[in-house]
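Listed below are the residues making up each chain.
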Amino acid sequence: MLFVILVMSFILVISIFPFRDRPAIFFSIFIMAIGQIFIFPLWETIAVLTGFEMLFLILSFCMKTLESFSYDWFGSVTAWIISLILAYLVWEIRLREGRIRMALRKNSITDELTGLNNRRSFDEHLKDIFLICAEKREKLAVIMIDIDDFKQFNDTYGHPAGDECLRMIGSFIRDYATEEGIFAARYGGEEIALIVSGQKAEKAVKYANEIAEAISRFSFHSEEKESIRITISLGMAVKIPENGQDYLNILKEADLALYRAKKSGKNRISIYSEKKIDT
């Protein structure tokens, strides 16, 4: 901003003092250029343009001939109005572009069916949070969730019903994982994954139990109005990451725990440890 103010001050000076009997066309041109370039936030741009416009008119009135001032007044005010219009149009265009970029970014990291984060954003977040927890020596938990007998559910009630079931569970987990430190994503198929970090990781088991209990109370109705009970199996790994470790290890451990939960009868939570998997 300082550079632009210095340049505008220079243009203002040479527009007033060397040729007091001639109109100052450079000032009007520069005023319009600043409005088009629009290098400041909108209101700062308006303030800068208006401030220099008023200063120019005052100096032109005091220092120039009446004929020259009449030209300067008309030219500078016209340029000022055009510059404000240009600044507003540029602001609208940039605002629209920002909204489009945000929408594209959201679509690139969001699963369309469930509204949860997608696998790509999950992998990126796990990698980043693993390094942060390793640096701060904080716990990190990964919870893998799988809908029990989902293939059989699809075969019996159809894929549209399966999609609706995923939407329902995804909506619940999306609302549940609104707190800072809890990140939820659709991992793939009927699997949903949660990353719980920092102080929240201390309560990861509590969160897993709350989710399992809440979903077991869900009542899904088929087209024939049949009430269908839905259960989930959960696998969890909790650890303090170490620098140099592969961040995918904790994901593999949670996946092993999930496999154990499903092999042990489903509708349960398994917790991975280096010695064994507790169910």
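Residues numbered from 1 in each chain as written. Predicted model: local features only at pLDDT ≥ 70, side-chain atom pairs only at ≥ 80, totals over all residues. Heavy atoms only, no water.

Trainee: How should unusual backbone geometry be read in this particular structure?
Mentor: Note: most peptide bonds trans; most residues except glycine with negative phi. A positive phi angle is found at Lys266, which is not glycine, with a value near 65°. Residue position: Lys266 is located in the loop between helix H9 (248-263) and strand E7 (269-272). Within the chain, Asn267 stands out as a residue other than glycine whose phi angle is a positive 50°. Structurally, Asn267 can be placed in the loop between H9 and E7. (Helix = DSSP H or I, 4+ residues; strand = E, 2+ residues; numbered from the N terminus.)

Trainee: Teacher, can you tell me more about the pattern of salt bridges here?
Mentor: A full pass over the atoms with the stated rule returns 14 salt bridges. Of the charged contacts, one joins Asp149 and Lys266 as a salt bridge, the two residues approaching to 2.5 Å between their closest N and O atoms. Separated by 117 residues along the polypeptide, Asp149 in the loop between strand E1 (140-147) and helix H6 (150-157) and Lys266 in the loop between H9 and E7 bring together distant segments of the chain. The class for Lys266 is partly exposed, based on a relative accessible area of 25%. The shortest N-O distance in the salt bridge between Lys206 and Glu210 comes to 2.6 Å. Of this pair, Lys206 and Glu210 both sit in helix H8 (residues 204-216), separated by four residues, roughly a single helical turn. In this structure Lys206 comes out as partly exposed when scored by relative accessible area, which is 45%. Judged by relative accessible area, which is 30%, Glu210 ranks as partly exposed. Overlapping salt bridges, with partners in common, bring together Asp146, Asp148 and Lys262 in one network. (Salt bridge = Lys/Arg side-chain N within 4 Å of Asp/Glu carboxyl O. Buried < 20%, exposed > 50% of the residue type's maximum accessible area, 1.4 Å probe, protein only.)

Trainee: Any chance you could explain the environment of Lys139 here in plain terms?
Mentor: With respect to the helices and strands, Lys139 occurs in the loop between helix H5 (119-136) and E1. Look at Lys139 and you get partly exposed, because its relative accessible area is 32%. Separated by 59 residues in the primary sequence, Lys139 and Gly198 have C-alpha atoms spaced 5.7 Å apart. Leave out the neighbours within four places in its chain, and Lys139 touches Cys133, Val196, Ser197, Gly198, Ala201, Glu202, Val238, Lys239 and Ile240. (Contact = heavy atoms within 4.5 Å.)

Trainee: Any chance you could explain the confidence of the model for the chain here in plain terms?
Mentor: The predicted coordinates should not be examined in detail at positions where pLDDT is low. Predicted confidence across the chain gives a mean pLDDT of 81, with 77% of residues reaching 70 or more. Across the chain, element-level confidence peaks in E1 with a mean pLDDT of 95 and bottoms out in strand E8 (residues 277-278) with 55. (pLDDT = per-residue confidence, 0-100.)

Trainee: Explain the packing of aromatic side chains to me, please; I cannot follow it from the model alone.
Mentor: The description of an aromatic ring pair uses the distance of the two centres, along with the angle that the planes make with each other. All chains considered together, the criterion is met by six aromatic pairs. Taking 5.5 Å as the distance between ring centres and 85° as the angle between the ring planes, the aromatic pair formed by Phe122 and Tyr187 counts as edge-to-face. One end of the pair, Phe122, is in helix H5; the other, Tyr187, is in strand E2 (residues 182-188), with 65 residues separating them in the sequence. Summarising the burial analysis for this pair, Phe122 and Tyr187 share the class buried. Residues Phe150 and Phe153 carry aromatic rings whose centres are separated by 6.1 Å and whose planes lie at 5° to one another, so their mutual orientation is stacked. Here the residue Phe150 and the residue Phe153 both occupy positions in helix H6, the gap between them amounting to three residues, near one helical turn. Using a relative accessible area of 7% as the deciding quantity, one classes Phe150 as buried. Using a relative accessible area of 9% as the deciding quantity, one classes Phe153 as buried. Of the aromatic side chains, those joined through ring pairs into one cluster are Phe172, Tyr176, Tyr207 and Phe218. Directly above the aromatic system of Tyr187 lies the positively charged group of Arg119, at a separation of 3.9 Å from the ring centroid. (Phe/Tyr/Trp six-rings, centres within 6.5 Å; stacked < 30°, edge-to-face > 60°. Lys NZ or Arg CZ within 6 Å of the ring centre and 35° of its normal.)

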